[in-house]
Every structure is written in structure tokens, then in C-alpha cells.
Amino acid sequence: MDGSIWVGVRERVLALIAAPAGNRVFGATGHKFLLEDPLTPAGLADLESQTGVSLPGEYRDFLLHVGAGGAGPSYGVYPVRLVQGRWRWEGDGAELADLSRLAEPFPREGADPEAVQLLLSERPEEEDFEQIEDFDDAIEAWEERWEPVMWSADRTVGAVVISTLGCAAREWLIMSGPERGRIWSDNRVDDEDLKPLLDDTGTPMTFTSWYLTWLEKAERQLAPAPAAG
């Protein structure tokens, strides 16, 4: 890819800094439409060498031509930074990604839905216990069964957390496997397994469609109102 899709995008994003009422755009109070500097080709090569994976082309070009993170969907694109000689993505939940396993194919299939529903049906409810201590013990025992099913590190190999919607709802960028380059939604905090993020037509969103859809919507929201008369 030659990065042409990203020509002018950095300038379009930064132009929104001066837009009145920019906080009308969800998440803008966090990222403020600021972008990190783009990565250099040498920095990108070092990132790929260290993680052992060739980044999806659309995201790769974004890093080179737009920025290493910052303003974007929800609370922004998690920045990738070199910290004490190690590359890492930074943001809420970024530590969930195992950077040593980015080259492994991301699994399309998650937990067995029947197993999930069975566990949910067995989740202890506080009102069923006379003593809070008994409830605490029961929920702790239940969570020990729940976490391996929904939160196993095997579920998210080949992917990194790329953004957050807040309240532990996140989005992942798939780095390896058949879903490479696509965005997946993570609402496990609400007992839902990961699933592909779809656009209004039901089409899976790539990094580019995810980002540019956000930018176009933000520009529409912040466009000056037509002059009267």
C-alpha cells in the first residue's frame, strides 16, 4: 500500500481542534483531537521486528502518515510507544494483549455459547445469601470458573486493544489470521463474547473504514450551521 488513502487525514483531524463545541463528539474530551507524531520508517521496522508480526497494511500506513495514536473513534486510538527499549500499546486494557503472540492467528470462534449460558445461569445472586461473606465466597468461586471461559489469553492472541468506549468496553485490531486488519468489539464486561464490528450495512469494519467513518461523522457534527437567509 502507498498510504494515499491517508493523505490529508492528519490535517483534517487537527483542524477539528479549533472547532467550536468540539466536546459534542463522543470521546473528544479525552483526546481533544490531538495526534501523536507519525512513526518513522525505522521505528515501524523496529516495532514489527520486536513483535514478530507485519502490521496490517491500512494500520501500518496510518502509523506512518497520520500518527502513532491519538484522536479517533471513541476515546481515541491507543498510541504505540517505545518505552525503555520495548514497544507497547498504551491505554485502558492494553495489557490484555499478549504482544509475544501477535503472530498467532486470532480465533474467530470464542467460548461455547451453551457453556456461557450455563455458567451465567449458575451465577450467585446476593439476595440468595443471608450473610454477605457467604455471597463473597460463592461469587469468587464462580468467577474462578468464569474467567477461563471468557477471559482466557488464548481468546485474543493475534490482536491488540486499539480503543475504549469506557466502562471496560473495548475494541481490538486483529493483527494475524483470517480477520487481519479488522476491528472486533469487546463487551465481555457485559457478558458478551468478542464479535466483529459491523458498519451500517452489516459489513465488517477494517481499520480504515473504522477510522474514516469516525472522522467524517465528527466533521459533520462540528460543521458550521448554514447562514440564515
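Caption draft 1: Inspection of the sheet that holds strand E4 (residues 169–174) at higher detail. Spatial ordering of the open sheet is given by E3-E4-E5-E6, a layout of 4 strands whose pairing is antiparallel. On the outer flanks of this sheet lie strand E3 (159–166) and strand E6 (195–196), each paired with one strand and no other. In the sheet, E3 pairs with E4 via 6 bridges, with the strands oriented antiparallel. Its bridge partner lying in E4, Ala-159 is registered against Ile-174. Against the sheet, helix H7 (residues 207–222) makes contact with E3, E4 and strand E5 (183–186), and its axis sits at roughly 25 degrees relative to E3, the strand it touches most.

Caption draft 2: Highlighting helix H5 (residues 113–121). Within H5 the residues assigned to the buried category are Val-116, Leu-119 and Leu-120. When H5 is viewed along its axis, its buried side chains cluster within an angular range of 100 degrees and face the same direction. Opposite its buried face, H5 presents the exposed residues Glu-114, Gln-117 and Ser-121, each directed more than 90 degrees away. Contacts made by the buried residues of H5 are with helix H6 (132–150). For H5, the N-terminal capping position is held by Asp-112, with its side-chain oxygen 3.1 Å away from the main-chain nitrogen of Glu-114.

Caption draft 3: Expanded view of the pairing of E4. Summarising burial for E4: 6 of the 6 residues are buried, a large majority. Residue alternation in E4 divides its side chains into two sets, Ala-169, Glu-171 and Leu-173 and Arg-170, Trp-172 and Ile-174, and both sets are buried. The turn linking E3 back onto E4 is made up of 2 residues, and Cys-167 within it adopts a positive phi angle of 55 degrees.

Caption draft 4: Looking closely at the packing of aromatic side chains. Going through the model one piece at a time under the given rule, you end up with 14 aromatic pairs. Plain terms: the ring middles of Phe-62 and Phe-207 are 5.0 Å apart, the flat faces sit at 70 degrees to each other, and that makes the pair edge-to-face. Of this pair, Phe-62 sits in helix H4 (residues 57–65) while Phe-207 sits in helix H7, placing them 145 residues apart in sequence. A relative accessible area of 0% places Phe-62 in the buried class.

Caption draft 5: Local environment of unusual backbone geometry. Even without being glycine, Lys-32 reaches a positive phi, approximately 55 degrees. As for its placement among the helices and strands, Lys-32 is situated in the loop between helix H2 (28–31) and helix H3 (41–51). We note that Gln-84 has phi near 50 degrees; this positive angle belongs to a residue other than glycine. On the basis of relative accessible area, Gln-84 is assigned to the exposed category, the value being 80%.

Caption draft 6: Highlighting a nonpolar patch on the surface. Taken together, the side chains of Leu-14, Ile-17 and Leu-34 present a nonpolar region at the surface, about 240 Å² in accessible area. Within the secondary structure, Leu-34 sits in the loop between H2 and H3.

Caption draft 7: The packing of H5 against H6, seen in detail. In the contact formed by H5 and H6, the axes pass within 11 Å of each other and the chain directions differ by 160 degrees. Accordingly, the angle class assigned to the pair H5 and H6 is roughly antiparallel. The crossing of H5 and H6 is left-handed. Contacts between H5 and H6 involve Val-116, Leu-119 and Leu-120 from the first element and Trp-142, Arg-145, Trp-146, Val-149 and Met-150 from the second.

Calculation notes
Residues numbered from 1 in each chain as written. Predicted model: local features only at pLDDT ≥ 70, side-chain atom pairs only at ≥ 80, totals over all residues. Heavy atoms only, no water. Pairing = 2+ DSSP bridges. Helix = DSSP H or I, 4+ residues; strand = E, 2+ residues; numbered from the N terminus. Contact = heavy atoms within 4.5 Å. Axes fitted to C-alpha atoms, helices over the stretch in contact; angles between N-to-C directions. Buried < 20%, exposed > 50% of the residue type's maximum accessible area, 1.4 Å probe, protein only. Arc of directions from axis to C-beta. Polar contact = N/O pair within 3.5 Å; in protein donor to acceptor, adjacent residues only side chain to side chain. Phe/Tyr/Trp six-rings, centres within 6.5 Å; stacked < 30°, edge-to-face > 60°. Patch = residues over 30% accessible without salt bridge, like charges linked within 9 Å, V, L, I, M, F, W, Y side chains within 5 Å. Areas by Shrake-Rupley, 256 points an atom, 1.4 Å probe, with all protein chains shown as cover. Salt bridge = Lys/Arg side-chain N within 4 Å of Asp/Glu carboxyl O. Parallel < 35°, antiparallel > 145°, perpendicular 65-115°, else oblique. Left-handed = near helix turned anticlockwise from the far one by under 90°.

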